[in-house]
Amino acid sequence: MISIHFDKADGMITIVSKGEISFEEMLGAPDILTRENLPKNLKILEDASEAEPNFYDERIPEIIQNLITQSAHLNSVKHAVIQRTPINTAISMMAERELRESHYHLKTFFSRAAALRWLNSEEL
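Residues numbered from 1 in each chain as written. Predicted model: local features only at pLDDT ≥ 70, side-chain atom pairs only at ≥ 80, totals over all residues. Heavy atoms only, no water.

(A) Focus on the packing of aromatic side chains. This structure, assessed with the given rule, holds 2 aromatic pairs. Pairing Phe23 with Phe55 gives two aromatic rings, centres 6.1 Å apart and planes at 70°, and the pair type is edge-to-face. Here Phe23 is found in helix α1 (residues 23-28), whereas its partner Phe55 is found in the loop between β3 (41-53) and α2 (60-70), with 32 residues between them in sequence. Accessibility expressed as a relative area gives 13% for Phe55, which makes it buried. Ring geometry for Phe109 versus Trp118: centroids 5.8 Å apart, planes at 40°, classification tilted. Taken as a pair, Phe109 and Trp118 share a single burial class, namely buried. One Lys or Arg, Lys78, reaches over the ring of Trp118 and ends 4.7 Å from the middle of that ring. Between the NZ or CZ atom of Arg84 and the centre of the ring of Phe110, over which it lies, the distance is 4.7 Å. (Phe/Tyr/Trp six-rings, centres within 6.5 Å; stacked < 30°, edge-to-face > 60°. Helix = DSSP H or I, 4+ residues; strand = E, 2+ residues; numbered from the N terminus. Buried < 20%, exposed > 50% of the residue type's maximum accessible area, 1.4 Å probe, protein only. Lys NZ or Arg CZ within 6 Å of the ring centre and 35° of its normal.)

So, in structure tokens, the structure goes:
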């Protein structure tokens, strides 16, 4: 299950992913990026520490392309994802590498505090 919330006050999207996550859910989650009222420099905090992706890593390029397409109207996206398992961390780091040359900046963290520190910094 993926739950997504946009807080207008702080201009941040919060995502919580728990349990088994399908490829279709991962592909549909970025639909929120098409909303008109998002800040042009968007921040996303995702807690995927309890997520269990049930798709193969060769599907990651499709997910990456979808993120780029859905967020094309934004100047930049800083997306901090919290991971706790080795396999999820590896998947997240593969996505980081694929996004390196785009306006979408993904970074993997083990703690919420570290993720928020990066999101609120000038560092990309």
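Anyway, onward from the coordinates.
(B) Region of the structure containing the pattern of salt bridges. This structure, assessed with the given rule, holds 2 salt bridges. A salt bridge links Glu62 to Arg59; the shortest N-O distance between them is 2.8 Å. Given the relative accessible area of 30%, Arg59 is considered partly exposed. We note a salt bridge from Glu123 to Lys107, for which the minimum N-O separation is 2.9 Å. Within this pair, whereas Glu123 is found in the segment after α4 (112-119), its partner Lys107 is found in strand β5 (residues 104-109), the two being separated by 16 residues in sequence. Here Glu123 falls in the partly exposed class, since its relative accessible area comes to 42%. (Salt bridge = Lys/Arg side-chain N within 4 Å of Asp/Glu carboxyl O.)

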